[in-house]
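Listed below, chain by chain, are the residues.
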Amino acid sequence: PVTIQDGKIADVKVLENQETLGVGTMAIDELPGQIIEAQTTEVEDVSGASMTSLAIKEAVEKALEDAKI
């Protein structure tokens, strides 16, 4: 889920995944913080985890669209 507070991205959490430990999980660990800091999904993919990075970004974009942010 994506938490919006005062019109800003306050939190991004990945609740479930089936990623390879140490590869796909790097994106799960790193991207949410980068998205929150940048306040956009226009952040670099995590090297070696481009598919996971893309999936996280798309999920956040959908949540923002649904929230009309």
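Residues numbered from 1 in each chain as written. Predicted model: local features only at pLDDT ≥ 70, side-chain atom pairs only at ≥ 80, totals over all residues. Heavy atoms only, no water.

**Description of the overall build of the protein chain**
Looking only at helices and strands, the protein chain has 2 helices and 2 strands in total. Shown N-terminal to C-terminal, the secondary structure of the protein chain runs as helices and strands in the order β-β-α-α. Here the protein chain has a C-alpha radius of gyration of 11 Å; the compact-globule value for 69 residues is 11 Å, and the two agree. Over its C-alpha atoms, taken along the principal directions, the protein chain stretches across nearly 35 × 20 × 15 Å. Here the protein chain holds 69 residues, and the buried ones make up 28% of them. Of the contacts made within the protein chain by residues no fewer than 6 positions apart, 43% connect residues no fewer than 24 positions apart. Surface accessibility of the protein chain: about 4800 Å² in total, with carbon and sulfur atoms responsible for 49%. (Helix = DSSP H or I, 4+ residues; strand = E, 2+ residues; numbered from the N terminus. Rg over C-alpha atoms; globule rule 2.2 N^0.38 Å. Buried < 20%, exposed > 50% of the residue type's maximum accessible area, 1.4 Å probe, protein only. Contact = heavy atoms within 4.5 Å. Areas by Shrake-Rupley, 256 points an atom, 1.4 Å probe, with all protein chains shown as cover.)

**A short note on the pattern of salt bridges**
If charged atoms from side chains of opposite charge come close, those side chains can pair. If you walk through the whole model with that rule in mind, you get 3 salt bridges. In this structure, Asp45 and Lys57 form a salt bridge, with 2.6 Å as the shortest nitrogen-oxygen distance. Taken as a pair, Asp45 in the loop between helix H1 (24–38) and helix H2 (50–67) and Lys57 in helix H2 lie far apart in primary sequence, 12 residues in all. A salt bridge links Asp66 to Lys62, with the nearest nitrogen and oxygen atoms 3.1 Å apart. With a gap of 4 residues between them, Asp66 and Lys62 both fall in helix H2, about one helical turn apart. (Salt bridge = Lys/Arg side-chain N within 4 Å of Asp/Glu carboxyl O.)

**Here's the deal with the nonpolar core**
Counting residues in hydrophobic clusters, the biggest one holds 12 residues: Ile9, Val12, Ala27, Ile28, Leu31, Ile35, Val43, Val46, Ala49, Ile56, Val60 and Leu64. Those elements giving two or more residues to this core turn out to be strand E2 (8–12), H1 and H2. Looking at this core, the element that brings in the most residues is H1, giving 4 residues. Apart from residues no more than four positions distant in its own chain, Val12 is found in contact with Pro1, Val2, Pro32, Ile35, Ile36 and Val60. (Core = buried A, V, L, I, M, F, W, Y, C linked by side-chain atoms within 4.5 Å.)

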